[in-house]
Each structure stands twice: as C-alpha cells, then as structure tokens.
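In case you want the letters, here they are:
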Amino acid sequence: MRNSRPTVFSITICLLLLGVGLRLFQISSPEPGPDERHWLARSSLFRARIARGNYGTSTTLLGHPGIPAAFAMAVGQASADRWNRFIEPRYSTALHVDGLIASRIGIAIFSSLIF
C-alpha cells in the first residue's frame, strides 16, 4: 500500500510532538545537572562572541559535538532574555523564564528535531 504525503507528514509531526513532550516533561527540575552549569557558561560565551561579531573565534571553546548544543542553548537563552524584557515591565515576575529552563527547552526541541 502506498503512503500519501499527508499521512507521512502527520506521522512525522506526531513523532516530533511525542519527542518534544517527553523531553519537556519535568524540564524545570530544581537543580541543574552536573554538566549543565558548564554548558550554560559555554553557551553564554558563545552567544556573547556572536553578538560582538567574533564569528571566527565563537566556537574555539567547543569541540565539534558541542557546537550544536551551545547554539541550541544560546537560542534558548536569547529567547528567554527577549521574553523577559517584554514581560517584566508589564506583568509580574511569575511569567519570568529562567535561563537554565530556556536552555533546556532549546536542547529539547533541537534534539527532538534530530530524533
């Protein structure tokens, strides 16, 4: 039997949502993992170098497997910073997004895409 494109697309979306859902479950655990502090510092430095335009040296602190993780975490941190700047003047801090949680969400989405 031949699969139609909408069926394949629907299955793909369902698998992606399942992967993201499983990774996001209890993502806001209170304590950072043993290596998370290290990766937060690396992704922050990566982000700062990119912001300054130091593209040639932005990844010298990372080994090859670390570049995608640092990028995903940096995107999460930048998104949280933008959200927090938008929210805090208008609303309470209950809507504040922590940098660690934002980094975890970035990694969860990125790793789900490469499932």
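Now for a quick tour of the structure. Everything numeric here is computed off the predicted structure, so don't read it as measured data. (Residues numbered from 1 in each chain as written. Predicted model: local features only at pLDDT ≥ 70, side-chain atom pairs only at ≥ 80, totals over all residues. Heavy atoms only, no water.)

### With respect to the overall build of the chain
Let me state the cut-off plainly: Only runs of H or I of at least four residues qualify as helices and only runs of E of at least two qualify as strands under DSSP, and these elements are numbered from the N terminus. Note on classification: 1.4 Å probe, protein chains only; a residue is buried when its accessible area is under 20% of the maximum for its type, exposed when over 50%, partly exposed between these limits. Throughout, a residue-residue contact means that at least one pair of heavy atoms, one from each residue, lies within 4.5 Å. All accessible areas in this document rest on Shrake-Rupley with a 1.4 Å probe, and a residue is counted as covered only by the protein chains that are shown.
A tally of helices and strands in the chain yields four helices and zero strands. When the helices and strands of the chain are listed from N to C terminus, the series reads α-α-α-α. A buried classification covers 25% of the 115 residues belonging to the chain. Within the chain, counting contacts between residues at least 6 apart in sequence, those at least 24 apart form 70% of the total. In the structure as shown, the chain presents an accessible area of about 8100 Å², 65% of it carried by carbon and sulfur atoms.

### Structural notes on the nonpolar core
To be explicit about the condition: Among buried residues, the Ala, Val, Leu, Ile, Met, Phe, Trp, Tyr and Cys ones that are joined through side-chain atoms within 4.5 Å form a nonpolar core.
Within the largest apolar cluster, eight residues are counted, these being Trp39, Leu40, Phe46, Ala69, Ala70, Met73, Ala74 and Leu100. If you list the elements that add at least two residues to this core, you get helix H2 (36-51) and helix H3 (66-87). Take this core: its biggest share by element is four residues, from H3. Beyond its immediate chain neighbours, meaning those up to four positions away, Leu100 contacts Pro32, Glu36 and Leu40.

### A closer look at the environment of Asp81
Positionally, Asp81 belongs in helix H3. For Asp81, a relative accessible area of 29% gives the class partly exposed. The spatial distance from the C-alpha of Asp81 to the C-alpha of Val97 is 8.0 Å, given a sequence separation of 16 residues.

### Some details on the packing of helix H1 (residues 5-24) against helix H4 (residues 99-113)
Just so we agree on the cut-off: Lines fitted to C-alpha atoms define the axes here, with helix axes fitted over just the stretch in contact, and angles between the N-to-C directions of these axes take values from 0 to 180 degrees. Roughly parallel here means an angle under 35 degrees, roughly antiparallel means over 145, roughly perpendicular means 65 to 115, and every remaining angle is called oblique. Here a crossing is taken to be left-handed if its near helix is turned anticlockwise relative to the far helix by less than a right angle, and right-handed if that turn runs clockwise. Polar here means any residue other than Ala, Val, Leu, Ile, Met, Phe, Trp, Tyr, Cys and Pro, which are nonpolar, and Asp, Glu, Lys and Arg, which are charged; Gly is therefore polar.
Look at H1 against H4: their axes get within 9 Å of each other, and the N-to-C directions meet at 150°. Relative to H4, the element H1 lies roughly antiparallel. The handedness of the crossing between H1 and H4 comes out as right-handed. Side by side, H1 and H4 meet where Leu16, Gly19, Val20, Arg23 and Leu24 of the first sit next to Ile105, Ala108, Ile109, Ser111, Ser112 and Leu113 of the second. Here the residues of the contact of H1 with H4 sort into seven nonpolar, three polar and one charged.

### What to know about H2
We apply this condition: In this scheme, a helix's expected span is set at 1.5 Å multiplied by one less than its residue total.
Counted at 1.5 Å a residue, the expected span for H2 with its 16 residues is 22 Å, and the 22 Å between its end C-alpha atoms agrees. In the core, the buried residues of H2 are packed alongside H3 and H4. Residue Gly53 follows H2 closely and has a positive phi angle near 85°.

Coordinates in, geometry out; function isn't part of it.
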